[in-house]
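Listed below are the residues making up each chain.
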Amino acid sequence: MTAQDLSESHFGGPSTKSDIFPYPNRGVMKTDILFSSPMIRFSRSQKEAILAWGRDMGAKDVPSLYGLENFQTSALHAVGDPTEKVEASSGNIFYMNSIYQALAHDYSHPEARTKMRLYPEFSETGIEEVWQASKWLVDAPDSVLTPMTRINGKDYFVNELVLCTDNLWFVPTRFFEFRGALWAKGRRAVETEHGLLVAEEPSVQPCSTFHRPWPEVQACLSDLPCIFAPPSQHFAQNMPHPDRQLAGGLEIECPPIIVFVDDVSGNTSKQWNVHYSAYMSNATLPRADLEKSANVHFIATSPHASPMEIIRAICEAVRKGSTTPFKVWDSVKKRHILIRPWILFLPGDNPMQAEMCSHIGLKGNHFCRMCHCGGDQKYKASDEGFTSLMTPGRARSVSETREAITSQLVMATHAAAEKPLKAAISASGVKDSFATPLLNLLIAKGKILRRATPTRKALNPELVNKQLYDELMKNTGKPMCNPLLDMDGLNVHLDTPVEALHTHLLGVVKYFWAQTVWILEKKGRFADFQARLNSLSRIGLKVPNIMADYMCRYRGSLIGKHFKTISQIMAFAVCGLVDEVMQNAWLAIGRLTVLIWETKITDIKAFAKELREVIEETIDFAASLSPGLLTEKNKFHILAHLPDHVERFGPALLFSTERYESFNHIFRLCSIHSNRQAPSRDIARTFANQERCRHMVTGGYWQDKTSGDWVRASSAVLQHIANNPIDARLIGVLPEKSPIPGDMTLLPLPPRVRGRPPPQHPVISWAQTESARLQPSIPSLPGRWHPAGSVIALNGDSAPVGAEVIVRSDAMGPSALNSFASIVEVLLSTSPSTSPSWVIVRDSILSPETHSDLKMPVINRTGSLRAVRPEDIICVINVQHDCITGRCTSSGTEHIRQEREQSIRTRQVVKHTASTFFVINVTSLHNQRHLRNTLPPRLLKQNPFFEDRSRLHLRAAQSLRDTKLQKKLAREAQVRRNAELALRNSVANSSHADFLGISTESVGTTGDEFGGTAPGSHMPVPSCHACSSIGHPDSSISAPRGPRQKKGARATRSAAPWVPPAPAMNGDEPREGRRSESSSSRRAVTISNMGTAPSTISPAPPRKRKRPARADPESSAAREALFRGSLQNHQEIDLNGDVTPQGLTAMIGIYMRHQRPCGMMEPSGNTHTREIYQEFARTQSRKYGLSGAQVTEVLAFSELSPVMMLIDLKIHQIRTENDFLHRFIRVFVRHPDFGTRLRHSVAAALLAPRIPAYVDGLNGQFTAYLEDNAEALLGIPESQKSDPADWSLVKTAIGIELANQRSGMRAKLDAGIKNKQDIYELTTSLLMYDMRAKIEHWGRFAFLRQCTILYNKTPSGRRGDYWRYIDQCLKDMRENARKDHPTDVLAQKRHESLFLTHTLDNDIKMFPIRSGTLARLVYSNDALTTLQRTTENQVSSFTVNDSPVATTPVVNSEDLQAVISVPVGAGAAE
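Residues numbered from 1 in each chain as written. Predicted model: local features only at pLDDT ≥ 70, side-chain atom pairs only at ≥ 80, totals over all residues. Heavy atoms only, no water.

Draft legend 1. View of the sheet that holds strand E2 (residues 93–97). Pairing in this open sheet of 6 strands is mixed, and the strands run E1-E2-E14-E13-E12-E17 from one edge to the other. Every interior strand has two partners, whereas the edge strands, strand E1 (83–87) and strand E17 (342–345), have only one. Ignoring strand direction, the axes of neighbouring strands in this sheet form an average angle of 30°. Inspection of the sheet shows strand E12 (residues 256–265) paired to E17 by 3 bridges, in the parallel sense. Residue pairing for E17: Ile257 is matched across the bridge by Ile343. Together, E2, E12, strand E13 (274–282) and strand E14 (296–302) form the strand contacts of helix H5 (residues 99–107), whose direction differs from that of E13 by roughly 35°. Helix H28 (residues 658–672) contacts E12, E13 and E14 of the sheet and is inclined by roughly 60° relative to E12. (Pairing = 2+ DSSP bridges. Helix = DSSP H or I, 4+ residues; strand = E, 2+ residues; numbered from the N terminus. Axes fitted to C-alpha atoms, helices over the stretch in contact; angles between N-to-C directions. Contact = heavy atoms within 4.5 Å.)

In structure tokens, the structure reads:
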């Protein structure tokens, strides 16, 4: 049924008119456009209300909603329904729209098809599109590019022999465009007596010279025995091209696509309703068309499926096209062709791109998805680590990431692999979304198997490993790895380009904005800054408004468009308000923004170099102002990769995500009207219907299902869209109407007064113009004009009066330079046929030097006036008044407009002086190319801000370490303050004795505490010197507030040493801190010092505490006398441990004065008996609930002398330490450090090339070796080996680790066999934990692999244990050597060496060498780590059952080098 039949069947044949095909009437067409608009979405009830309103108003041809929906469904099937169901491996269900249908719409739409470029282009004029950059032109593999071209009806494929018109033989490898023609890169062939000899060096050939394709060439040369000479025979293997038969006579084209995935809320409210959505763009379209929302195609969304599950569905669809190309209709060629798309790059924000790269993300130690930069915080703060953050590190590779994922899966099959797995993920930065659920499953199952249950015992490590390995094998049918790692033509680490919106605007600019605002607030200059922002000119910036008040009020909640404006004007707004370093930082940021938003790159190498230098300067400013930003904010390093991506893909705007972020608005409109029961399906169908409507009404073709013809909408429908801007805007295809250069806009007329004639635009002669008044000497011009307000420049800018413009030079020739001028007056002729319109400009004189502070060109508007034609105005540029030279102040005010009216409210603005100096804003994005072409190069050149970058980085790293140390000290000081406060509180509320006078509360109380100065007494309470350090006399001054500290908050008084604050970003003085006494002044003082302690100290922070009972004056005086007496008698303490009665009395007096419970009477006299001590001991023991035995011990302790008490306390301390050491081993075996040391030691043993056995006697001997060297190898003190129970924990850990690593070796050997790894790859895979390769490893690992192959071939019932089978093979090898050489030990070793060499030779034949030089690096014994060298020597002497003396195979280096020709260096490490 045709579309016309569909219209007739749904809406009646008699009323259908052919001029609006495929619609039955205009009412259906208008309603379909309205309800299919992506800009305005309606709910079902709203649609019904609109249709009912139309019918009630008497409108014609108003369809019913049911009829309209039936038409839309039928039309969608006619055009092509792209929605299909997808079920992920996890069971999640979502719907996606076919990428092939989206591309088919582009091919069948004439307007889009004419703009598509299917071949890369070699451009001599610059790079502005993706097909001109290196990825598509050079780096993409030939297999994903368009493999053919059709010339004069003949199909020419790559890798096929072609005969050219000049009898030249040529083998093309890829096609590209050059100077408007199609060319081919390939190799030429010359005729020899033995056949065609293909050249080694590539060359290029215009495709217009192609004469005969391969089928014709093959037919002509069929009588020859051989077409190619012997050295070029391999070229014949690729002829004919496999796609020639697959095409079946059709053309094959390979359009690249751009895939974007993001998390977006499905709600318009603030409630987060996450949907992972995928969009697509056709990369063959120009950038200007890619920015249009009509060319962003929806693919899929789901609130349930993960983003990688959506990506997997996309990858499977792309792979399907590689084997079965999709047939589409080419609306330009008017025939069917086949398409095979491929992914060009994957834009997105940094977290999403990290997930696409199977990367751990920005929070990881190795935070960069593109390189291996990073490390822990300690490394980043070191000189080497901090410097490494400035530049890209060693690049990541897809194969390396894939191998890391495989290694993690293998590691998860080991018992107790959770911590090693986390360490491996953190060390590599690789974390795959598909592998993570499986890893969690294996870890969880491993924990269950290792735990005993009521029905079974805990399994040993070997069985656990086996069951986990089996579990892993069960999941091989499910996706276990990122599908993007296996996509042809896509390198996720290189093809996830740095995105300007999230990395630069919402990263670098945002960070510097926050720091600048903090500095301005701290200095009290934020109001001046706001006044400057309000006073800056936006003419020439092409921004709607600077929005200064909004940005200052909501300075912590700005978005990308605000930061884009800030980066262009910030240098002017902060000039003079911040120091020179911050000022220059904003200059560098402005230059960087200009380079990022460049649309055409003339010289890619020079541009990349300049971009790299500006990025380095920006990073250097961050290092200079706040080094912590570089370690905490990883976007600075990620930005360093931008130059590489610009070279690979072209200008940064090509891989910007702003177009997709804007498209999220359309997505939300489609989401909010879903019933939320099937959001993925409803949204996909909504987008499919939108694209169907747009495709039909704008001239796209679709196939008539009955006739098979390709039809399109009638001319009336197309004309309706062209002439109806409202409907065109509804479907998102409103054509932009470019302004006409030279058009002028008249000044607005005053409002009309009732009763008077309408106002008219005035008509003036030359004598009445403002120009004649300003400069009478200017020649008068004939004619009459209307005064106008603005004129349209050549580039479409609106140039108002007062704007600075670039005027075309009157001189002829290419060397003529344009000039700067300001518009004084715009005159619109009343009779253009007789007298032209004019623009009166004043020439601006360009200063020979740049501005001293702003480093930008300066102009002086003191030139003469002259009249120019409107078409001589090239563009408008942004200039700002030179307020530094003019000494402008923020003393002006202006009224604020509200509700389009002028209110009485005012705001502060800059009052500009009459200075005629203006600064050209070279950081503005608009018309940057015209600005660069007009200014002389000397004014554009920027001298580097930092001469010695390495010194700057070292100084910044040192500052960072100092800052971190200060923060650490501050934290420790806070801990001490909290502890001291808790101690004071506990002492104040208890009755513990303080015989030694160390309690701070006993000597640091104020007058309000514990009586203080008694009434009637004028003597202040004495205090010790140690207490004076609690608060400095200046400490009562509150510390100033920080930038984010709440008003009224006060810093806590500290008894800790003063910690200087971190250096401020702008180099200002640090905040005023609180001084304190040095540590020497805090030492314990003798009792004699207490008598001279200062009597007035700053009070401690007041605390609410119950006031003690006030004593009478006499008792207070008695206590004071007792206190002074005790100070005088302190020397009577016997140093031998005995205390004289006078000294003891003094000490008790101190205690009774300061620590006596309230109401406890002081004994009379100056003697204290034994009964008093014991009574006090009993009282305190009862108070704290001590047991009877404990009370007895306390009473015995009270009988001791002070020295004896100290000795007893020391003994108890030692006993406590011993008890802690007994618990130490149980804690230490669970610590990551122990695991790391144990793994390295076990790896050194198992990977030793001379180990005699892997099971036989290894556990016991290796455990004994570790026991003898426990402290050196495992970090366990020697004293901990005496307890058998404790050491059994270590033995168990050793056994588990041996089993785990043996299982890992077995899995890697199996993987090496399955993946056909050569010996170098196998060695690299097996060596882990910093083990270095030796030549001997090749022979041993080849032996293990050959044994594994034999073991796998053995029937399962006869196999036995794998490692015991390996041990038996080693035993057989040694026995054969002893049979041939019974007594000669050296000959036995030589025999074993030759056997391993022969095994290695066989292994190389089975697994040919394909590794590069890097994998072949080997080390001598001297270059090994100490651990590896000593462990290898030890395990080589282990005893095995077959020999009373350990004789192990030693591989001879000369024999191995005969098999593998690799030089052995003394330490061939990188």
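Having put the structure on the table, let's press on.
Draft legend 2. Fine view of a nonpolar patch on the surface. Among the surface-exposed residues, Val1203, Ile1207 and Ile1211 lie close enough to one another that they form a single nonpolar patch of about 240 Å² accessible area. Considering the arrangement of structural elements, one finds Ile1207 in helix H44 (residues 1202–1228). (Patch = residues over 30% accessible without salt bridge, like charges linked within 9 Å, V, L, I, M, F, W, Y side chains within 5 Å. Areas by Shrake-Rupley, 256 points an atom, 1.4 Å probe, with all protein chains shown as cover. Salt bridge = Lys/Arg side-chain N within 4 Å of Asp/Glu carboxyl O.)

Draft legend 3. Summary view of the pairing of strand E23 (residues 804–807). A two-sided burial pattern is seen for E23, the buried positions comprising Glu804 and Ile806 on one face and Val805 and Val807 on the other. In terms of strand pairing, E23 meets strand E24 (residues 819–829) through 4 bridges, oriented antiparallel. The residue of E24 that forms the bridge with Ile806 is Phe820. Pairing geometry for E23 and strand E29 (residues 873–877), over 4 bridges, is antiparallel. Its bridge partner being in E29, Val807 is matched across the sheet by Ile873. (Buried < 20%, exposed > 50% of the residue type's maximum accessible area, 1.4 Å probe, protein only.)

Draft legend 4. Summary view of unusual backbone geometry. Residue Pro22 is bonded to the preceding Phe21 through a cis peptide linkage, with omega at 10°. Here Pro22 lies in the loop between helix H1 (3–11) and helix H2 (26–35). Following Met239, the chain continues into Pro240 via a peptide bond in cis, with omega recorded as 0°. Note that Pro240 resides in the loop between helix H8 (214–220) and helix H9 (242–247). Even without glycine at this site, Asn159 takes up a positive phi of about 65°. Relative to the helices and strands, Asn159 resides in the loop between strand E4 (154–157) and strand E5 (162–164). Not every positive phi belongs to a glycine, and Arg179 is a case in point at roughly 55°.

Draft legend 5. Local environment of the environment of Asp797. Within the secondary structure, Asp797 is located in the loop between strand E21 (785–792) and strand E22 (798–800). Along the sequence, Asp797 and Cys875 sit 78 residues apart, while their C-alpha atoms lie 6.1 Å from each other. Residues contacting Asp797, with those up to four places away along its chain left out, are Val791, Ile792, Cys875, Val876, His926 and Asn927. In this structure the side chain of Asp797 is engaged in a polar contact, spanning 3.4 Å, whose partner is the backbone nitrogen of Val876. (Polar contact = N/O pair within 3.5 Å; in protein donor to acceptor, adjacent residues only side chain to side chain.)

Draft legend 6. Spotlight on the side chain of Arg340. Inspection of the secondary structure puts Arg340 in the loop between strand E16 (335–339) and E17. A distance of 2.7 Å separates polar atoms of two side chains, one belonging to Arg340 and the other to Asp243.

Draft legend 7. Highlighting the pattern of salt bridges. Tallied over the entire structure, the rule returns 55 salt bridges. For Asp155, the salt bridge goes to Arg150, with nearest N and O atoms at 2.6 Å. For Asp155, a relative accessible area of 13% corresponds to the buried category. In this structure Arg150 comes out as partly exposed when scored by relative accessible area, which is 26%.

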